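Secondary and tertiary structure notes
Residues per chain, in single letters:
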Amino acid sequence: MAIIFNEEKKTISLHTKNTTYQMKIGNLDYVNHLYYGPKMMDADLSYMIMQYDRGFSGNPYDSLKERTFSLDAQPQEYSTLQQGDFRTSSIEVINADGSYSFNGRYKSHKITEGKYDLETLPAAFAAEGEQADTLELVLEDAISGVEVHLIYGVFEEKDVITRAAKIVNNSEGDIHVKKIMSATIDFMNGANMDLFHLPGRYGQERQAERSAITHQINTICSGRGSSSHQQNPFIAVCDKDATEDAGNVYAMALMYSGNFLAEVELDQYDQLRMQMGINSKNFDYLLKSGETFEGPEVLMTFTNEGFTKMSHIYHDFFRNNLNKSRFMHEARPILINTWEAAFMDFDDKKLVEIAKAAKKMGVEMLVMDDGWFGKRDDDNSGLGDWFVNENKIKCGLNELVKQINDLDMKFGIWFEPEMVSEDSDLYRAHPDWVMEIPGRKAVRSRNQLALDMSRKEVQDYLIESVNKILDNANIAYMKWDINRSVTDIWSNALAADRQGEVYHRHILGLYRVMDGIIKTHPDILFEGCSGGGGRYDAAMMCYYPQYWVSDNTKPIDNLKLHYGTSFLYPVTSMGAHVSDASPFVPFETKAVVAMCGTFGYELDATHLSDEVVEACAKKSALYKKYFPLILEGDYYRLTNPFALSNFTAWESVSKDKKDALVSVVITNLTVNGPQEYLRLKGLDAATMYEVTGENVSLTLSGAALMYAGLPIPREVPDFSSMQFEIKAM
Ligand code: DGJ
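Only a predicted model underlies this, so the values are computations on that prediction, with no experimental measurement involved.

**Let's talk about the site of the ligand**
The ligand sits among 13 residues. The nearest are D369, D370, K479, D481 and D551. A distance of 3.1 Å separates an oxygen atom of the ligand from a polar atom in the side chain of W414. Within the side chain of D551, one N or O atom sits 2.3 Å away from an oxygen atom of the ligand. Contact with the protein chains covers 99% of the free accessible surface of the ligand, which is 290 Å². When the residues that make up the shell around the ligand are grouped by side-chain class, the tally is 4 nonpolar, 3 polar and 6 charged.

Below, the structure written as structure tokens:
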């Protein structure tokens, strides 16, 4: 059992292969956080807690005359509210009597075998044959009767601890939940640490950023109704000197696709509080007496081996513990997507022509993007009308799919279920199904409105209309898009005093629709998308084996997009396509960049020269060859594309260290500059390897490759690329 309760010391320890997490039922039954770090099997870290009389840090009433015990200066497992701890809180409730107070103390705990599940939200699971254990710790406010249940899942082999929190209203009246963090970690001393996260914007998602943590509440959040392009629900706190290969890194990723909040507070005493959960902005949940509110799950990890190790832990976890789709461990078809090829200007004949031309490039699937349904000739109309536009698909969907299948290619289709155009049959029939505050006109974005996903009838309509298309033609793939942020939050189905619940209920409704469409179609490959890579989050990874990284298909920009995304997400979750963008970059290089993720094309294949078609066909074949290694291997970032450098390089290494693929893109070679050497990672130092690449054939030890490095040829044009295959002899 990876969870141990020490009755005598009153400690609870969670052990994974390399880490220990410890808490203690401490003074006055408040639960202290003691430790998260490298594994210590028999340790009792209670001695770490020091008490001083701290001015302006109050003492709980029942500590009597003892002035040295203040919750303001104690590491908490989950904070109280209005009990003298002035740091940002884990919880905010308004009790039935109108008071803002929660004095949560230990009530009970339960340790069970197996991983808990959540009732309303996606949650990680133990893979087949894998051991996982659960701790449920109950904190109670004895006056109000309100309880917080802290739930922990321990994945021993994976070095991952999951956490979630539930609020149970055992009081006699109704309460309002204003804030609920899923996980809080209090570090006793957090001076000299950095915060790492993935901010971005449309077209430039997940641009890795690292900064010093100063004395303030550092807030990373989204209030856009989705996890967003602008921030990603992932943070890491690390030692100042932590690198890719060494140093302490503590990370949290939230399994939630709506408004999230991450807070990192360095306080007056250099205590550091790190926490994550639902964003409390525009959130107010009325919890009736006897009801339970469940918050989303956080995936936590710690490593003292730097960021690469953190990424490997998450990549393995995402590949095995979030999504049961068979495609997670299967070769993904090379696709051509029609968006940048034709936008909405296509008909059935044009699609077949594109497919025929793409076939010669090694493409295995045609994806018909936006524009095939309702009255959709531009983005001002049609959303919500999920029936085929027979002015464009004149032969009918079934016949079109058949013609594509006759080319021995699969067929994929695009939807944007959560949205509606005012110029649509759906809106005309149900104007009350959108997010719009009575008496006000809703904000337009891409000239479309957001459906109120909290409503059951909306959910049912979407499940039925999308499934009707999926079930009546031989569809192998669906791209699920969403192209605006959600504003004007209002549900016509809820009373005025419950409107603070809508952002959350909207996301619960979305998950119900996804369950009804995605989980009922195990043989369809689903790809997520939100105007590119918005809403690319851990919860979405429970549904989509792959996600469109960005609408920005410029290959040099993609080096940064892939770099940032790879900190948390496995590279094979990243949809990456070769397109016509950046004509100065050779097609070969574009393909090398796209091979970092799930490979595809996004261009009009009917216009390509024979040379380009031939180059693409070669790269498609290489991708097929290397995909198993990229899919299941360990991914290493060899350079940082944000740093001033002449090239960007990355590497995939098989788990047995026998095979590796190294990719290099020359971004800017200085004239007459120094010779540079690329040091590889993850190989076995004592093994001899054959290294092959264009004009390269070497036999070198793992030690030579990792410690001395591979010379990067200088006499090559800018934006050229190279790949080296490394094979153990
Ligand atoms: C945004 C996506 O990111 C694009 O790939 C494309 O599907 C468009 N939406 C279609 O409207």
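**Examining empty space enclosed by the protein**
The rolling of a water-molecule-sized probe over the atoms marks out the regions of remaining empty space. All chains considered together, the criterion is met by 6 cavities of 30 Å³ or more. For the largest cavity, the calculated volume is near 90 Å³. What lines the largest cavity is a set of 16 residues, and nearest its centre among them are T553, N558, A576, H577 and V593. Secondary-structure elements contributing two or more residues to the lining of the largest cavity are α8 (555-565), β29 (574-579) and α9 (587-594). Tallying contributions element by element places β29 first for the lining of the largest cavity, with 5 residues. Class assignment of the residues belonging to the lining of the largest cavity gives a composition of 7 nonpolar, 8 polar and 1 charged.

**Notes on the packing of helix α3 (residues 348-359) against helix α4 (residues 397-406)**
Relative to each other, α3 and α4 sit at 15 degrees, their axes nearing to 10 Å. For the element pair α3 / α4, the angle class is roughly parallel. Seen along the crossing, α3 lies across α4 with a hand that is right-handed. Here D348, L351, V352 and A355 of α3 come into contact with α4, specifically with L400, Q403 and I404.

**A word on the sheet that holds strand β1 (residues 3-6)**
Read from one edge to the other, the open sheet built from 4 strands follows the order β1-β2-β3-β4, with strand pairing classed as antiparallel. The sheet is open, and its two borders are formed by β1 and β4 (31-38), each paired with just one other strand. Sheet twist, expressed as the average angle between the axes of neighbouring strands with direction ignored, equals 15 degrees.

**Looking at the layout of surface pockets**
As a volume, the largest pocket reaches approximately 650 Å³. As for the largest pocket, its lining consists of 35 residues, of which P122, D515, K519, C542 and Y543 are closest to the centre. No other element matches helix α7 (residues 502-519), which puts 8 residues into the lining of the largest pocket. Each residue belonging to the lining of the largest pocket can be placed in one class, and the counts come to 19 nonpolar, 7 polar and 9 charged. Empty space within the second largest pocket amounts to approximately 560 Å³.

**Remarks on the packing of aromatic side chains**
The full count for this structure, using the stated rule, is 37 aromatic pairs. With 6.1 Å between their ring centres and 35 degrees between their planes, Y30 and F69 make a pair best called tilted. Residue Y30 is located in the loop between β3 (19-25) and β4, and its partner F69 is located in the loop between β4 and β5 (91-94); the two are separated by 39 residues in the primary sequence. Ring centres of Y250 and F302 lie 4.7 Å apart, and the angle between their planes is 45 degrees; this geometry places the pair in the tilted category. Pair noted here: Y250 is in strand β15 (residues 249-254) and F302 is in strand β20 (residues 298-303), with a separation of 52 residues, a long-range link. Taken individually, Y250 and F302 each receive the classification buried, so the pair is uniform in this respect. Three or more aromatic residues link up through ring pairs in this structure, and these residues are F196, F234, F307, Y314, F318, Y536, Y544, Y547, Y563, F567, Y569 and F642. If you follow K392 out to its NZ or CZ, it ends over the ring of F346, 5.2 Å from the centre.

Procedures and definitions
Residues numbered from 1 in each chain as written. Predicted model: local features only at pLDDT ≥ 70, side-chain atom pairs only at ≥ 80, totals over all residues. Heavy atoms only, no water. Near = heavy atom within 4 Å. Polar contact = N/O pair within 3.5 Å; in protein donor to acceptor, adjacent residues only side chain to side chain. Areas by Shrake-Rupley, 256 points an atom, 1.4 Å probe, with all protein chains shown as cover. Nonpolar A, V, L, I, M, F, W, Y, C, P; charged D, E, K, R; others polar. 1 Å grid on protein atoms, 1.4 Å probe; cavity = no way out; pocket = protein on both sides within 12 Å on 5 of 7 lines; lining within 4 Å. Points joined across faces, edges and corners; volume = space filled by probe spheres on them. Helix = DSSP H or I, 4+ residues; strand = E, 2+ residues; numbered from the N terminus. Axes fitted to C-alpha atoms, helices over the stretch in contact; angles between N-to-C directions. Parallel < 35°, antiparallel > 145°, perpendicular 65-115°, else oblique. Left-handed = near helix turned anticlockwise from the far one by under 90°. Contact = heavy atoms within 4.5 Å. Pairing = 2+ DSSP bridges. Phe/Tyr/Trp six-rings, centres within 6.5 Å; stacked < 30°, edge-to-face > 60°. Buried < 20%, exposed > 50% of the residue type's maximum accessible area, 1.4 Å probe, protein only. Lys NZ or Arg CZ within 6 Å of the ring centre and 35° of its normal.

Purely geometric stuff here, so don't read any function into it on its own.
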